[in-house]
Amino acid sequence: MEEIQSQSDNYRSSSSSASSPASRVPSSNFFYLRKPGSLRQPISFEDSPEWEDTDIDVRVEEGGDSINIATTPVSPSLSKLNSGSLPSPPLPEGATAVRKIAGASVVWKDLTVTIKGKRKYSDKVVKSSNGYALPGTITVIMGPAKSGKSTLLRAIAGRLPHSARMYGEVFVNGAKSHMPYGSYGFVEREITLIGSLTVREFLYYSALLQLPGFFCQKKSVVEDAIHAMSLGDCSNKLIGGYCYMKGLSNGERRRVSIARELVMRPHILFIDEPLYHLDSVSALLMMVTLKKLASTGCAIIFTIYQSSTEVFGLFDRICLLSNGNTLFFGETLACLQHFSNAGFPCPIMQSPSDHFLRAINTDFDKIIAMCKNWQDDNGDFSSVNMDTAVAIRTLEATYKSSPDAAAVETMILRLTEKEGRVLKSKGKAGTATRIAVLTWRSLLIMSREWKYYWLRLILYMIFALSVGTVFSGSGHSLSSVVTKVAAIFVFVSFTALLSISGVPAVIKEVEVYTSEESNHHLGALIFLFGQLLSSIPFLFLISIPSSVVFYFLIGLRDEFSLLMYFMLNFFMCLLVNDGLMLVVVSLSRDVFWSTLTLVSVQVVMMLSAGYFRIRNALPGPVWTYPISYIAFHTYSIQGLLENEYIGTSFAVGQVRTISGYQALRSAYDISPDKNSKWQNLLILFLMAVGYRILVFVVLYFRVGKKKSLHNIFKCNRDTTNNAR
């Protein structure tokens, strides 16, 4: 205890020197602390402005389920921001004001989250956290890196990973129940948007995927979301841009990701780091926008690492974490008073969030150790000369015995003693509707994204011209058989290799699906149907010109039915190859490893395709079974050769002839049956279906983990309730 007191006195003296009258500049834009022992009255310095009493009245109406919040300005700087006097982008002419949202209260009580292997010394990432969020307010979870901010946010929203275990209780409107679909929105830290769509198109397709009802109703919801997030100026602008067109800024992209969740008009909005990678101007605009959104009645909870003074003034409540421990929960200015009571007052010239993180971030100890012998122009580093571990223990102990902690417990009791309105699911769009919408959206994306299929079409045409000219002029004699077998093998095998150029686009598509599936906008089956139906026209577009150019350049038989089979066989080969890419990308989702895996698989399939060595002569245990039978090159090449040579004959000398099957026996192994080419085509079709079933299993396995995880959490909560 003496160590804690000495460290507190040391830091108090350093902070006092930093805020001495000689070094202070009188201004009304700084934050001031309240008097010790009085949580409702601000402390007055000799140069501080006149303060008004701060009264925060939270009442639960009898016989109702709404919570009314009445607040008076807490300081000149904060009141200016909180009152909405800060200028913001005006609404377009004729635009209506954003409609009110029936918000919901959220309470978490004794919330503990354990993740095995997450921390070095303990599996507890969040430890016995208590707090609440009210309608029409912004609640911020703040702390240094690896303090448990995102884990706590996901625990409250019910979106923890499969390796986590949660203990404690979460109440929504006083009831212990999970939040149904459409009642809440969750925005991830990493933004996953579709760059080839405009803002309005992206939100409109999201509304079609999420909401039931008529199209005209969804248009009005989209316009409301655009106006709520101040996106009117860029609503017709491409999100990510393509070719040489510039896309949205980071701040605009972040607001688009939030607007996607606002389409459902959620009661509660969870955001993981809304100011991530934003500059000061974009961050302030984002916070003003969220403040106006909260004024409509929505309860907003988000995590933040650090903020400017202006942004800090827009927070209603702060949950301060360090190493999973709650160091404070309460109103914004009460947090400043809490640090002052613990012996760490905020210097008047310093941003409050900087001061908080300076006091509780253990990484500053490394800086102190490195800079302890250095001096700057104003003297030594006395303002950071403090043991962070001691500060954390002091703040935690002070908070547990403070009136703030007692006020939180009292408020939690009042919010949970009576159940309010039960949140209900708003319904989903039908399966057929979502498949149709996803198919049309994918068609639009593929038509605009040149890296998806247009690049492959150009590469295939160049490759077909190259192979066709190299193997042209072989004729129709017996000596041309080996040449044409080589040409068909090169054409099928290397076009499969060239298709790897579409891996980045496929990865982006899977990432968009993952983002939408996490919010239950899509399912694995809907994604696969939409992707398949949208890719078929483009695969036909690729197969027709490439097949025609190659077919006539190398001089295959001039019959329409044979040409149609050649194009159909090549189309099925491309369809199988796309399924293989989906399987690899679904497992890896990394450009380097996906590309490396696909190249390795394609090379192995080429070796076992029967060209370098006839299939019957391949070593049985490894190459014939099973590699040769899962190589789609084998069935495609067999079908094309049978299409060309079955039913033909070649003259040997003047009196003897041999069949096309006999002519091929020394170069490639095919079947003498005339129907075998259709059997090979059927096998290709089954392989295309089989690869997509495998993709469905991979995607559904991950969804199944989340569902089983939700059941585990529910069991844990029920067990805790029964024990109490």
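Because the structure is predicted, anything quoted here is derived from the model rather than measured. (Residues numbered from 1 in each chain as written. Predicted model: local features only at pLDDT ≥ 70, side-chain atom pairs only at ≥ 80, totals over all residues. Heavy atoms only, no water.)

**With respect to the overall build of the chain**
Scanning the chain from terminus to terminus reveals 24 helices and 13 strands. Buried positions account for 52% of the 724 residues belonging to the chain. Taking contacts inside the chain between residues at least 6 apart in sequence as the whole, the part at least 24 apart equals 75%. Put simply, the chain shows about 32,200 Å² of open surface, and 59% of that area lies on carbon and sulfur atoms. (Helix = DSSP H or I, 4+ residues; strand = E, 2+ residues; numbered from the N terminus. Buried < 20%, exposed > 50% of the residue type's maximum accessible area, 1.4 Å probe, protein only. Contact = heavy atoms within 4.5 Å. Areas by Shrake-Rupley, 256 points an atom, 1.4 Å probe, with all protein chains shown as cover.)

**Brief notes about the environment of H476**
Residue position: H476 is located in the loop between α15 (450–470) and α16 (480–498). As for H476 and G555, which are separated by 79 residues in sequence, their C-alpha atoms are 7.7 Å apart. Setting aside its immediate chain neighbours within four residues, H476 contacts K484, G555, L556, R557 and F650.

**Points about the packing of aromatic side chains**
Each aromatic ring pair is characterised by the separation of its centres together with the angle its planes make. Applying the stated criterion across every chain yields a total of 29 aromatic pairs. Taking the centre distance of 5.1 Å and the plane angle of 85° together, the rings of Y565 and W678 count as edge-to-face. Note that Y565 is positioned in helix α19 (residues 560–588) and W678 in helix α24 (residues 676–723), a separation of 113 residues in sequence. The partly exposed category is assigned to W678, whose relative accessible area is 45%. Against the face of Y181 rests K428, its NZ or CZ located 4.8 Å from the ring centre. The ring centre of Y565 lies 4.9 Å from the NZ or CZ of K677, which sits over that ring. (Phe/Tyr/Trp six-rings, centres within 6.5 Å; stacked < 30°, edge-to-face > 60°. Lys NZ or Arg CZ within 6 Å of the ring centre and 35° of its normal.)

**Observations concerning helix α14 (residues 431–448)**
For α14, spanning 18 residues, the distance from its first C-alpha to its last is 26 Å, which sits close to the expected 26 Å at 1.5 Å a residue. Residues of α14 that are buried: R434, I435, V437, L438, T439, R441, S442, L444, I445 and M446. The inward-facing, buried residues of α14 abut α4 (199–210), α15, α17 (503–518) and α18 (524–553). (Expected span 1.5 Å × (residues − 1).)

**Focus: a nonpolar patch on the surface**
A contiguous nonpolar patch, built from L682, F685, L686, V689, I693, L694 and V697 and spanning about 620 Å² of accessible area, is present on the exposed surface. Take I693: it is sitting in helix α24. (Patch = residues over 30% accessible without salt bridge, like charges linked within 9 Å, V, L, I, M, F, W, Y side chains within 5 Å. Salt bridge = Lys/Arg side-chain N within 4 Å of Asp/Glu carboxyl O.)

**A closer look at the sheet that holds strand β11 (residues 325–331)**
Ordered in space as β7-β8-β9-β5-β10-β11, the six strands form an open sheet in which the pairing is mixed. Single-partner strands in this sheet number two, and they are β7 (184–187) and β11. Averaged over all pairs of adjacent strands, the angle between their axes in this sheet comes to 15°, without regard to strand direction. Pairing analysis gives six bridges linking strand β10 (residues 317–322) to β11, with the strands arranged antiparallel. Its bridge partner being in β11, C319 is matched across the sheet by F329. Lying over the sheet, helix α6 (residues 250–262) contacts β7 and β8 (268–271), oriented at roughly 155° with respect to β7. On top of the sheet, helix α12 (residues 388–400) reaches β10 and β11; it is set at about 50° to β11, its chief contact. (Pairing = 2+ DSSP bridges. Axes fitted to C-alpha atoms, helices over the stretch in contact; angles between N-to-C directions.)

**Side note on the UniProt feature "transmembrane region" (unreviewed entry) in the chain**
Summarizing the sequence annotation, UniProt attributes the feature "transmembrane region" (unreviewed entry) to residues 453–473, 485–507, 527–554, 566–585, 591–610 and 681–701 in the numbering used throughout. End-to-end, the C-alpha atoms of residues 485–507 are 34 Å apart, and along that stretch the chain is 83% helix and 0% strand. In residues 681–701, helix accounts for 100% and strand for 0%; the two terminal C-alpha atoms are 30 Å from one another. (UniProt positions renumbered as here; feature names shortened; annotations may be inferred.)

**Side note on the pairing of strand β13 (residues 656–659)**
Of the strand pairs in this sheet, strand β12 (residues 649–652) and β13 are connected by four bridges, and their pairing is antiparallel. Each residue of the ladder has a partner; that of S649, found in β13, is S659. Between β12 and β13, which pair antiparallel in sequence order, lie three residues; one of them, G653, sits at a positive phi of approximately 75°.

**Focus: the pattern of salt bridges**
Taken as a whole, this structure holds 11 salt bridges when the rule is applied. Note that E188 and R154 form a salt bridge whose closest N and O atoms lie 2.4 Å from each other. Pair noted here: E188 is in the loop between β7 and α4 and R154 is in helix α3 (residues 149–157), with a separation of 34 residues, a long-range link. A residue is classified by how much of its surface remains accessible, and E188, at 24% relative accessible area, is partly exposed. Sharing partners across several salt bridges, the network here consists of R154, R159 and E188.

**What about the nonpolar core?**
Judged by nonpolar contacts, the single largest core of 197 residues is most densely connected at F270, L290, I300, F302, F315 and L320. The element that contributes the greatest number of residues to this core is α19, accounting for 18 residues. Contacts of L290, omitting those with residues within four sequence positions, involve I138, M229, I258, I271, P274, I300 and F302. (Core = buried A, V, L, I, M, F, W, Y, C linked by side-chain atoms within 4.5 Å.)

**Here's the deal with the side chain of T137**
Locating T137 in the fold gives a position in the loop between β4 (124–133) and β5 (138–142). The buried category is assigned to T137, whose relative accessible area is 4%. Only 2.6 Å separates the side chain of T137 from the backbone oxygen of L134, close enough to count as a polar contact. (Polar contact = N/O pair within 3.5 Å; in protein donor to acceptor, adjacent residues only side chain to side chain.)

**Some thoughts on the side chain of S547**
Mapped onto the elements of the fold, S547 is located in helix α18. Take S547: its relative accessible area is 0%, and that puts it in the buried class. Dropping the residues within four chain positions of it, S547 is found in contact with F566, M567 and F570.

**As for the environment of S150**
Within the secondary structure, S150 sits in helix α3. You can call S150 buried: its relative accessible area is 17%. Note: C-alpha distance between S150 and D272 (122 residues apart in sequence) is 6.5 Å. When residues no more than four places from it in sequence are discounted, the contact partners of S150 are R189, D272 and T303.

**Points about the packing of α16 against α19**
In the contact formed by α16 and α19, the axes pass within 10 Å of each other and the chain directions differ by 35°. As for how α16 packs across α19, the hand of that crossing is right-handed. On α19, the residues that touch F491, V492, T495 and A496 of α16 are F566, F570, C573 and N577. For the contact of α16 with α19, a count of residues per class yields six nonpolar, two polar and no charged. (Left-handed = near helix turned anticlockwise from the far one by under 90°. Nonpolar A, V, L, I, M, F, W, Y, C, P; charged D, E, K, R; others polar.)

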